[in-house]
Amino acid sequence: MKKLFAVALFSLLFSTAAFSQSKMGGMSMKDKPQPTEKDKTEAIPSKGVLKRGAPIGNSKKVSLAKLLNNPQKFADRSVKTSGVIVRSCKAMGCWLEITPKGGSGSVRVATKDHAFFIPLNSAGANATVEGMLKVKNLSAAEVKHMMEDDGAKFDKVNADGSVTEISFEATGVELKRKN
């Protein structure tokens, strides 16, 4: 009986630890990279490009309007796209929201593994992003946090407060000011 209890306790502790790590990507927020003052305040050049994260590579280029019209077709595939930044994280610069030039709809772009940051005043700049398109459900608590703390906006909030979100996990971002 003691042996059975010990095995059950060990299993419970192990699964709790594994669950905790999977929910936080294996590390807590305090262990994740933090932006420097330069990350937060660097000016996006009026000519040229400000690059953050990994260099933009050879992923298939897909218009943002096409991604928004048929997200399931491109979900979980590496692509690159471009848009105008309509808002970004005001605390750290760890996400941005882009909309198609002259179009409607938007997609929230998070930096992969919270590994790089964009300037806090990036709204209005053009962004080219490369990474993975995701279609995922956000809990009501995640939606509330993002709306209250980060200023995120969602077009369609479900009755239970959750949201089915089309998002993008960027490995690299290139920013340039509109001319």
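Residues numbered from 1 in each chain as written. Predicted model: local features only at pLDDT ≥ 70, side-chain atom pairs only at ≥ 80, totals over all residues. Heavy atoms only, no water.

1. Description of the overall build of the protein
To be explicit about the condition: The secondary structure listing takes helices from DSSP runs of H or I that are at least 4 residues long and strands from runs of E that are at least 2 residues long, numbered from the N terminus. The classification of residues rests on relative accessible area computed with a 1.4 Å probe and restricted to protein chains. Under 20% of the type maximum is buried, over 50% is exposed, and intermediate values are partly exposed. Residues count as neighbours in contact if any of their non-hydrogen atoms are within 4.5 Å of one another. Each accessible area is a Shrake-Rupley estimate made with a 1.4 Å probe; only the visible protein chains count as cover when residues are assessed.
Tallying secondary structure elements over the protein gives five helices and seven strands in all. The order of helices and strands in the protein, counted from the N terminus, is α-α-β-β-α-α-β-β-β-β-α-β. Burial statistics for the protein: of 179 residues in total, 37% are counted as buried. The long-range fraction of contacts in the protein, counting pairs at least 24 apart against all pairs at least 6 apart in sequence, stands at 70%. Carbon and sulfur atoms make up 56% of the accessible area of the protein, which amounts to about 10,800 Å² in all.

2. Overview of the confidence of the model for the protein
This is how it is decided: Values of pLDDT, the confidence the predictor places in each residue, fall between 0 and 100.
For the protein, per-residue confidence averages 82 on the pLDDT scale, and 82% of positions sit at 70 or higher. Strand E1 (residues 50–53) holds the highest mean pLDDT among the elements of the protein, 96, whereas helix H1 (residues 2–23) holds the lowest, 36. Overall, residues 1–25 carries pLDDT values under 50, and its contacts beyond four positions in sequence, including any with other chains, amount to three contacts.

3. Points about the side chain of Ser122
The test is simple: Pairs of N or O atoms within 3.5 Å make up the polar contacts considered here, provided that, within protein, one atom can donate a hydrogen while the other can accept it, and that residues adjacent in sequence are counted only when both atoms are side-chain atoms.
Counting through the fold element by element, Ser122 comes out in the loop between strand E5 (107–111) and strand E6 (126–138). Under the relative-accessibility criterion, Ser122 is labelled buried at 0%. At a separation of 2.6 Å, a polar atom in the side chain of Ser122 contacts the main-chain carbonyl oxygen of Pro119. The contacts of Ser122, once residues within four sequence positions are left out, are Ile44, Ile85, Ser88, Leu175 and Arg177.

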